[in-house]
Amino acid sequence: MAKPHHVAFDNIDQLVVERGQIADFTIGADGLRYDCRLNDRVGGDTLYVIFNGAVDRQKYEIPVFARWNWHALFNAPILALFDPALHLDPKLRIGWSIGTEAHDVAEQLANIARAVARQLGIADSRIICYGSSSGGFAAISVASRMPHGRFIAYNPQTNLLRYQPLILRDVQG
């Protein structure tokens, strides 16, 4: 399959999406880069927002979009959101979409999901966040920032303190 067309937006207010398309787009916000892939090939009134888990940087070029092609399984549009923290350090494999002290990435991802849903004519109550492992944590975190926070978290990593040595080892080498 050919790579989807990519559009860059300077902020979330510029975002424009079309129904029936597969499209990659980037939104700049708070000095971070938010990479997204929307798959609306089947349409529908529910938006599944999918989060990536750990990324093997030796094997894959970022951004990586998890489960973006599950539209037939869900019979609904899918918005795959890449964790922007992985742009901050080339050794980082995982970021849980929590951001930095200065930037609440989960809040911004929730804003992006709501903006896409609004443009697709999908109600906030029909947004479902989905992820596994570190993406499961992200699904819970982002859903908690939405008025109707709904999520499916498969085997989520919920105690991030267990992973601190791994993060430090990855970043410090």
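Below, the structure is looked at part by part.

Here we take up the packing of aromatic side chains. Enumeration over the complete set of coordinates arrives at three aromatic pairs. Seen from their ring centres, F74 and Y130 are 5.6 Å apart, and the 65 degrees between their planes marks the pair as edge-to-face. Highlighted residues: F74 in helix α1 (residues 71–74) and Y130 in strand β6 (residues 127–132), separated in sequence by 56 residues. Assigned by exposure class, F74 and Y130 land together as buried. Clustering of aromatic rings is evident, with ring pairs tying together Y48, F74 and Y130. The ring of W68 has R37 lying over it, and the distance from NZ or CZ to the ring centre is 4.7 Å.

The subject of this paragraph is the pattern of salt bridges. Across all of its chains, the model carries five salt bridges by this definition. R19 is the partner of D40 in a salt bridge, and the nearest nitrogen-oxygen pair spans 2.8 Å. Here R19 lies in the loop between β1 (6–9) and β2 (22–29) and D40 lies in the loop between β3 (32–39) and β4 (47–51), a separation of 21 residues in the sequence. You can call D40 buried: its relative accessible area is 1%. Overall, R19 belongs to the partly exposed group, its relative accessible area being 36%.

Its place among the elements puts D83 in the loop between β5 (78–81) and α2 (105–120). It is R57 that comes nearest to the buried, bridge-free D83 among opposite-charge side chains, at 9.3 Å. Not counting residues up to four positions away in its chain, the partners in contact with D83 are N52, G95, W96 and S97.

What follows deals with the nonpolar core. Residues F25, L47, F51, L79, I112 and V116 are the most contacted members of the largest nonpolar core, which totals 33 residues. Only β2, β3, β4, β5, α2, β6 and α3 (134–143) provide two or more residues apiece to this core. Of all the elements, α2 adds the most residues to this core, at 10 residues. Leaving out residues up to four positions away in the same chain, V116 has contacts with L15, V17, F25, L38, L47 and L79.

Both β6 and strand β7 (residues 150–154) contribute to a ladder of five bridges, which runs parallel. In the strand pairing of β7, I128 is matched with R150.

Attention now goes to α2. For α2, spanning 16 residues, the distance from its first C-alpha to its last is 23 Å, which sits close to the expected 22 Å at 1.5 Å a residue. Burial runs high along α2: 12 of the 16 residues are buried. Of all the residues in α2, the buried ones are V105, A106, Q108, L109, A110, I112, A113, R114, A115, V116, A117 and L120. Each element contacted by the buried residues of α2 is listed here: β2, β3, β4, β5, β6 and α3. The N-terminus of α2 is capped by D104, whose side-chain oxygen sits 3.3 Å from the backbone nitrogen of A106. Backbone geometry just downstream of α2 places G121 in the positive-phi region, at approximately 75 degrees.

Quick notes on the rules
Residues numbered from 1 in each chain as written. Predicted model: local features only at pLDDT ≥ 70, side-chain atom pairs only at ≥ 80, totals over all residues. Heavy atoms only, no water. Phe/Tyr/Trp six-rings, centres within 6.5 Å; stacked < 30°, edge-to-face > 60°. Helix = DSSP H or I, 4+ residues; strand = E, 2+ residues; numbered from the N terminus. Buried < 20%, exposed > 50% of the residue type's maximum accessible area, 1.4 Å probe, protein only. Lys NZ or Arg CZ within 6 Å of the ring centre and 35° of its normal. Salt bridge = Lys/Arg side-chain N within 4 Å of Asp/Glu carboxyl O. Lys, Arg positive; Asp, Glu negative; His and termini not counted. Contact = heavy atoms within 4.5 Å. Core = buried A, V, L, I, M, F, W, Y, C linked by side-chain atoms within 4.5 Å. Pairing = 2+ DSSP bridges. Expected span 1.5 Å × (residues − 1). Polar contact = N/O pair within 3.5 Å; in protein donor to acceptor, adjacent residues only side chain to side chain.

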